[in-house]
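Each chain, written out:
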Amino acid sequence: LPLLLKATLLRLAIGSYHPFYNGFYYNHIMNDNDDDGQDKVDYFNGPKLVVEASKDPVYSYNGANVTLPCHYRYEPDLGPKHKIRIKWSKLRDDYTKEQDVMVAIGKTYVAFGDFKGRAHIRQASRHEASLVISDVRLKDDGKYRCEVIDGLEDESDVVDLRLQGIVFPYQPPRGQYRLNFHEAERVCQDQGAILANFNQLFQAWSEGLDWCNAGWLADGTVQYPIRLPRKPCGGVHLAPGIRSYGPRHRHLHRFDAFCFSSALKGEVFYLDRLAGMTLEEAKQRCQDAGAEIARVGQLYSAWKFLGLDRCNAGWLADGSVRYPIVTPRANCGPAEPGVRSFGFPSKGRFGVFCYRER
C-alpha cells in the first residue's frame, strides 16, 4: 500500500479497540511479518457483495428498446449503503478489450461511444442495476458484463443479448470469393445488415442453413454451414456442422460473406408494371410510392419475420433480382422455402420490392 494510506489505516487501527469499520470489517490491516518471518494473511469478514444478471438470453430486435436485468445484494444485508459504482461493458467476440457502455454512480451516469443517448441505468428497486438500451442496433447483439463496485469489493455477472434475425450468404455482382474482410463488412452494411458472428451462424445452421461457399464472420474467421455432407463441401465422411478455415488475412484473402439482418421496423412490398421495369425505373417507382428500393437484408427479414411470399421476381437495391417463397409450389423454384435469386442481370425487366418505414 502507499505509505500515506498505510499510515492512515494504522492510526485508525490503533485509535480504537475495535477493527476499522466503514461498512466492512477487516482483520490484519497491515501485512507485517510474524516473529517467524512469515507474512500475515488479510481476511475480509464483511458482508458479501453478490451480483446476479439474467441467466437466460434476452431477445430483442433492430429498433426496439430492451432491458438487460441485473441486481445486487449483500449477505448479510446491513441496511442502506453509501453510493456504489455500476459499470456496464460489452464483451467482444474476438476476446480483445471490452467495450465500455456506461458508468453510473447514484443518479449520475455517463454513456460511451455508440451508446451515448441510448443507454441508462434502471433503478426501479433498491439494489437494481439493470441496463436499458433504446433503439437497439444490429451490432448491439452480444454479451454484456454488469459490474458493481463498492469500495474494495468488485463483483460482476454476464447477460447475453440476442437479436432476432436471419443469416444470409452474400456474393457481390463480381462473383464468388471476391471480398476481403473489410469489403465483406461494407457489402453487408450496404444490404441493411452486418457481418454475422459465430453464434448467429450456428443458430442459422440449426434452423436448416446449408451453404457450401465459405464466408467471412465478424471475428475475422472464415466458415460455412453444412447440413448434408457431400464431396465438394469437406467430404461425405464428415459429420454435419460448421466447417471452419479459421482466421484468415483480412486484407489478402478473399471469400463470400455471411450477413445478419434483424426484424424490420417497416414493411417490404412488391410493385410491378405490365411490361416490367429496368432497375432505374424500379427505384423511381418505389420513390413515387413514398418508399425506397429494398435491400437484400430487408427482403430476407420480411420473408422470415413477416411471412412475405411472392412468386414474382423483383429488383433489389444491389442490382440483384430475387423473390421470397414461404410456401413452396409449382413454378416457384425448389421444394424448400427460401429467397430465390436470379443473380445480377444486366438486362431484363422485372417488378420491384420496396421498403417503407412504419
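It should be emphasised that the depicted structure is a prediction, and the values quoted were computed from it without experimental measurement.

(A) The state of the cysteines, seen in detail. This model, assessed by the stated rule, comprises five disulfides. Cys-70 shares a disulfide with Cys-146; S-S distance 2.0 Å. Its S-S torsion of approximately -80° makes the covalent link between Cys-70 and Cys-146 left-handed. With Cys-70 in strand S6 (residues 70–75) and Cys-146 in strand S12 (residues 142–150), this pair connects stretches of sequence that are 76 residues apart. Residue Cys-212 pairs covalently with Cys-233 via a disulfide, S to S 1.8 Å. Handedness here is read from the sign of the S-S torsion; for Cys-212 and Cys-233, about -120°, the answer is left-handed. Here Cys-212 is found in the loop between helix H3 (198–206) and strand S16 (215–216), whereas its partner Cys-233 is found in the loop between strand S17 (221–226) and strand S18 (241–247), with 21 residues between them in sequence. Take Cys-212: its relative accessible area is 22%, and that puts it in the partly exposed class. Cysteine pairing in the protein chain follows 1-2, 3-6, 4-5, 7-10, 8-9, where each cysteine in a disulfide is numbered by its order in the sequence.

(B) Layout of the sheet that holds strand S5 (residues 66–68). With antiparallel pairing, the three strands of this open sheet are ordered in space as S5-S11-S10. Strands at the two margins of the open sheet, each flanked by one partner only, are S5 and strand S10 (119–122). Averaged over neighbouring strand pairs, the angle between their axes works out to 30° when direction is ignored.

(C) Spotlight on the sheet that holds strand S4 (residues 58–60). Pairing is mixed in the open sheet, where six strands are placed in the order S4-S13-S12-S7-S8-S9. The open sheet has two edge strands, S4 and strand S9 (108–111), and neither has a second partner. Neighbouring strand axes in the sheet, compared pairwise and without regard to direction, differ in orientation by 20° on average. The pairing of strand S7 (residues 85–90) with S12 spans six bridges and is antiparallel. The residue of S12 that forms the bridge with Lys-90 is Tyr-144.

(D) Quick look at the pattern of salt bridges. Evaluated as defined, the whole model comprises 18 salt bridges. Between Asp-100 and Lys-87 there is a salt bridge, with its nearest N and O atoms 3.6 Å apart. Placement of Asp-100 in strand S8 (residues 99–105) and of Lys-87 in strand S7 is noted, with a sequence separation of 13 residues between them. Close ionic contact of Arg-230 with Asp-210 constitutes a salt bridge, the shortest N to O distance being 2.6 Å. Note that Arg-230 is positioned in the loop between S17 and S18 and Asp-210 in the loop between H3 and S16, a separation of 20 residues in sequence.

(E) Structural view of the environment of Ala-289. Of note, Ala-289 is situated in the loop between helix H4 (279–288) and strand S21 (292–293). The partly exposed category is assigned to Ala-289, whose relative accessible area is 29%. For the pair Ala-289 and Tyr-355, spaced 66 residues apart in the sequence, the C-alpha separation amounts to 9.8 Å.

The rules behind these values
- Residues numbered from 1 in each chain as written.
- Predicted model: local features only at pLDDT ≥ 70, side-chain atom pairs only at ≥ 80, totals over all residues.
- Heavy atoms only, no water.
- Disulfide = S-S within 2.5 Å.
- Helix = DSSP H or I, 4+ residues; strand = E, 2+ residues; numbered from the N terminus.
- Buried < 20%, exposed > 50% of the residue type's maximum accessible area, 1.4 Å probe, protein only.
- Pairing = 2+ DSSP bridges.
- Axes fitted to C-alpha atoms, helices over the stretch in contact; angles between N-to-C directions.
- Salt bridge = Lys/Arg side-chain N within 4 Å of Asp/Glu carboxyl O.

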